[in-house]
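Below, each chain spelled out in residue letters.
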Amino acid sequence: MAGEITVLGVRINALTMKDTLTNISDSIANKQRMFIVTANTEMVMLCQNNEQFRNILCKAQLVLPDGIGVVWAGKYLGQQVPERVAGFDLTQELFAVAEKKKARVYFLGAAPGIAQKAADVAIAQYPKLKVAGCRDGYFSADKNLEIVDEINRSETDILLAALGAPKQEVWLYEHSEMLQAKILLGVGGTFDVMAGTAMRAPKTWQNMGLEWLYRLLMQPSRFIRMLSIPHFMCKVLFSKKH
Ligand code: UDP
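Residues numbered from 1 in each chain as written. Predicted model: local features only at pLDDT ≥ 70, side-chain atom pairs only at ≥ 80, totals over all residues. Heavy atoms only, no water.

**Things to note about the overall build of the protein**
Next up, step 1: Within the protein one finds 13 helices and 8 strands.
Next up, step 2: With the C-alpha coordinates aligned to their principal axes, the bounding extent of the protein is approximately 55 × 35 × 35 Å.
Next up, step 3: Here the contacts in the protein between residues at least 6 apart in sequence split such that 74% fall between residues at least 24 apart.
Next up, step 4: For the protein, the accessible area works out to roughly 12,000 Å², and carbon and sulfur atoms hold 55% of it.
Next up, step 5: Distance between charge centres in the protein, computed from 28 positive and 23 negative side chains, equals 4 Å. (Helix = DSSP H or I, 4+ residues; strand = E, 2+ residues; numbered from the N terminus. Contact = heavy atoms within 4.5 Å. Areas by Shrake-Rupley, 256 points an atom, 1.4 Å probe, with all protein chains shown as cover. Lys, Arg positive; Asp, Glu negative; His and termini not counted. Charge placed at Lys NZ, Arg CZ, Asp CG, Glu CD.)

This is the structure:
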C-alpha cells in the first residue's frame, strides 16, 4: 500500500487523517474487514520481543502512526510521514463517517459506565450516530464468546475496543474471524477522555510533541511504561548508523 514505512521492523501506514478516513469509508461501503492499529513507541517496542504482538500488527490492514515518536523515527530514517494519526482524533473523525454512512458503532471497554458516557458524548456531537451497544472492558475470558455474540446481534459495523494496548489488539485479532463488524479499532484511553475521567494534553502540548510528557505528569504511575520511549529513540538512532 502507498505510504508504507518501516520503523524498527514494524510496518506503518504513513497516511494522513484524510486518507485514513477515505480508506475506512471505502471499507464500510465495500463491506470489507479492516483491522486498524494505532501504533505508538510503546507498541513498536513491544513488537521487538513479543512475537505474537508483532504477528498481529503484520495482519492488521492499517497500522497508523499514533505518537510523535513514531512520526519522528520515520522522518529520521528518511521516510515520508505526513502527520500523526492519533487514536483519539481518529475515533472522533470516525463518528462523523459513521453518522454519514449510517454505520453502527459499538463501544467496548474501560471501567463500568464509561463506555456509555463516551457514547452519550458522541451522540451529543453527532445526534444521528447509531450506537450499537456499550460494554465495559473488565470481563473474564469465559465471557468472550458471549460478548462477540452480543456485538454481532447488535449489527455493529464499527467496533471500538478500549482495553489498552496490547490487550485490545490481541482481543480484536483473536475474535476477528467471528466478528461481523467491518471496522475493528483499538482506541486505548479514548473513552476515559470522552467521559471526562482522563484529560488529553492541551493542543499546544500536542503541537510541540509533548503529549507523552503531559500524560506522565498527570499519571506518574506510567513512568515504567514510558521508559520504552528513550529505549525506542536509542534503537532508532542506532538502527540508522548500521
Ligand atoms: N481497560 C479495560 N480492560 C482491561 C484493562 C484496561 O477496559 O482489562 C481500559 C482502561 O480502563 C482504560 C483503557 O483500557 O480505559 C486503557 O487506557 P490507557 O490510557 O492505558 O491506554 P493507552 O491509550 O495507553 O493504550
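**Structural notes on unusual backbone geometry**
Next up, step 1: The omega torsion across alanine 165 and proline 166 is 5 degrees, close enough to zero to call that bond cis.
Next up, step 2: Non-glycine residue leucine 8 carries a positive phi angle of around 50 degrees.
Next up, step 3: Mapped onto the elements, leucine 8 comes out in the loop between strand 1 (4–7) and strand 2 (10–13).
Next up, step 4: Its identity is not glycine, yet glutamate 155 carries a phi of approximately 55 degrees, on the positive side.
Next up, step 5: Summarising the element assignment, glutamate 155 is placed in the loop between helix 7 (144–153) and strand 7 (158–162).

**A short note on the pairing of strand 1**
Next up, step 1: The two faces of strand 1 differ: Ile5 and Val7 on one face are buried, but Glu4 and Thr6 on the other face are not.
Next up, step 2: A loop of 2 residues connects strand 1 with strand 2, the two strands running antiparallel in sequence, and leucine 8 in this loop sits at a positive phi of about 50 degrees. (Buried < 20%, exposed > 50% of the residue type's maximum accessible area, 1.4 Å probe, protein only. Pairing = 2+ DSSP bridges.)

**With respect to the state of the cysteines**
Disulfides are covalent bonds that link the sulfur atoms of two cysteine residues.
Next up, step 1: What the rule picks out here adds up to 0 disulfides.
Next up, step 2: Summary of cysteine pairing: cysteine 47 is not part of a disulfide, and the nearest cysteine sulfur, belonging to cysteine 58, is at 7.7 Å.
Next up, step 3: The exposure class assigned to cysteine 47 is buried, which follows from its relative accessible area of 1%. (Disulfide = S-S within 2.5 Å.)

**Details of the side chain of threonine 156**
Next up, step 1: Within the secondary structure layout, threonine 156 lies in the loop between helix 7 and strand 7.
Next up, step 2: Of the polar contacts made by the side chain of threonine 156, one reaches the side chain of serine 154; its length is 2.7 Å.
Next up, step 3: Excluding residues that lie within four positions of it along the chain, threonine 156 makes contacts with Arg104, Tyr106, Ala132, Ile151, Gln180 and Ala181. (Polar contact = N/O pair within 3.5 Å; in protein donor to acceptor, adjacent residues only side chain to side chain.)

**A closer look at the pattern of salt bridges**
Next up, step 1: Under the definition given, this model contains 8 salt bridges.
Next up, step 2: The shortest N-O distance in the salt bridge between arginine 200 and aspartate 89 comes to 2.7 Å. Residue arginine 200 is located in the loop between helix 9 (190–195) and helix 10 (203–207), and its partner aspartate 89 is located in helix 5 (residues 87–101); the two are separated by 111 residues in the primary sequence.
Next up, step 3: Among the residues examined, arginine 200 registers a relative accessible area of 16% and is labelled buried.
Next up, step 4: Three or more residues joined by partner-sharing salt bridges are found here, namely Asp66, Arg84, Asp89, Arg200 and Glu211. (Salt bridge = Lys/Arg side-chain N within 4 Å of Asp/Glu carboxyl O.)

**Re the environment of glutamate 150**
Next up, step 1: Here glutamate 150 shows up in helix 7.
Next up, step 2: Those residues in contact with glutamate 150 that lie beyond four places of it in its chain are Tyr106, Cys134 and Arg135.
Next up, step 3: Within the structure, the side chain of glutamate 150 is placed 3.0 Å from the side chain of arginine 135, a separation counted as a polar contact.

**Things to note about the packing of helix 2 (residues 41–49) against helix 3 (residues 51–59)**
Next up, step 1: Between helix 2 and helix 3, the least distance of the axes is 6 Å, while the angle of their chain directions is 120 degrees. Overall, the two elements helix 2 and helix 3 adopt an arrangement that is oblique. Classified by chirality, the crossing of helix 3 by helix 2 is left-handed. Listed contacts from helix 3 to Met43, Leu46, Cys47, Gln48 and Asn49 of helix 2 are Glu51, Phe53, Arg54 and Leu57.
Next up, step 2: Of the residues in the contact of helix 2 with helix 3, the class split is 5 nonpolar, 2 polar and 2 charged. (Axes fitted to C-alpha atoms, helices over the stretch in contact; angles between N-to-C directions. Parallel < 35°, antiparallel > 145°, perpendicular 65-115°, else oblique. Left-handed = near helix turned anticlockwise from the far one by under 90°. Nonpolar A, V, L, I, M, F, W, Y, C, P; charged D, E, K, R; others polar.)

The quantities given are spatial measurements derived from coordinates; they are silent on function.
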